[in-house]
Amino acid sequence: QVQLVESGGGLVQAGGSLRLSCAASGSIFSINAMGWYRQAPGKQRELVAAITSGGSTNYADSVKGRFTISRDNAKNTVYLQMNSLKPEDTAVYYCKSEIATMEDVPSSLMDYWGKGTLVTVSS
């Protein structure tokens, strides 16, 4: 069925930048909202940024002004541009998408998750 694959994580110094990408593939009928979450060891998973099918966005207060979420609907892909990275941004970043599959049509959208990509920001 549907698969989400994140890429672009890595090790950067504080103040540096990374661009994450998440591509959805499979028997996709439609995609509504897409977003990025992150989770550090011992902490709850938190929403970083989200974007609707129409392009409306929202961000966690901790990343406003530094991160930008965008999407390419033709490619079923969502991006997260991360600038001015801080050590506290270190986490595994997960992509989530609300997707209706061809097999489920007509049906409600369901959440699909990627397996995550690690972002490490050194001091």
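A brief report on the enclosed structure follows. (Residues numbered from 1 in each chain as written. Predicted model: local features only at pLDDT ≥ 70, side-chain atom pairs only at ≥ 80, totals over all residues. Heavy atoms only, no water.)

**Things to note about the pairing of strand S1 (residues 3-7)**
Only one face of S1 is covered, namely the face carrying Leu4 and Glu6; the face carrying Gln3, Val5 and Ser7 is uncovered. Relative to strand S3 (residues 18-25), S1 is paired through five bridges, and the arrangement is antiparallel. Looking across to S3, one finds that glutamine 3 is bridged to serine 25. (Buried < 20%, exposed > 50% of the residue type's maximum accessible area, 1.4 Å probe, protein only. Helix = DSSP H or I, 4+ residues; strand = E, 2+ residues; numbered from the N terminus. Pairing = 2+ DSSP bridges.)

**Brief notes about the environment of alanine 40**
Inspection of the secondary structure puts alanine 40 in the loop between strand S4 (28-39) and strand S5 (46-51). A sequence separation of 50 residues divides alanine 40 from threonine 90, and the C-alpha atoms of the two residues are 6.8 Å apart. Among residues more than four places away in sequence, those in contact with alanine 40 are Thr90 and Ala91. (Contact = heavy atoms within 4.5 Å.)

**A look at the state of the cysteines**
Within this structure, the stated rule accounts for one disulfide. Between the sulfur atoms of cysteine 22 and its disulfide mate cysteine 95 the distance is 2.1 Å. Disulfide cysteine 22-cysteine 95: torsion about the S-S bond near -80°, hence left-handed. One end of the pair, cysteine 22, is in strand S3; the other, cysteine 95, is in strand S9 (residues 91-101), with 73 residues separating them in the sequence. Look at cysteine 95 and you get buried, because its relative accessible area is 0%. (Disulfide = S-S within 2.5 Å.)

**Thoughts on the sheet that holds S1**
The strand order S1-S3-S8-S7 describes an open sheet built from four strands, whose pairing is antiparallel. Single-partner strands in this sheet number two, and they are S1 and strand S7 (67-72). Taken over all neighbouring pairs, the strand axes of this sheet differ in orientation by 15° on average, direction set aside. (Axes fitted to C-alpha atoms, helices over the stretch in contact; angles between N-to-C directions.)

**What to know about the side chain of threonine 101**
Tracing the backbone through its elements, the reader meets threonine 101 in strand S9. Taking the relative accessible area as the measure of exposure, threonine 101 reaches 3% and is therefore buried. Discounting chain neighbours no more than four positions away, the residues touching threonine 101 are Val2, Ser27, Phe29 and Tyr112.

**With respect to the nonpolar core**
Within the largest apolar cluster, 30 residues are counted, with the highest numbers of intra-cluster contacts made by Trp36, Leu80, Met82 and Tyr93. Broken down by secondary-structure element, the contributors of at least two residues to this core are S3, S4, S5, S7, strand S8 (77-82), S9 and strand S11 (117-122). Setting aside anything within four residues of it in sequence, one finds leucine 80 in contact with Leu18, Arg19, Leu20, Trp36, Val48, Ala49, Phe67, Thr68, Ile69 and Tyr93. (Core = buried A, V, L, I, M, F, W, Y, C linked by side-chain atoms within 4.5 Å.)

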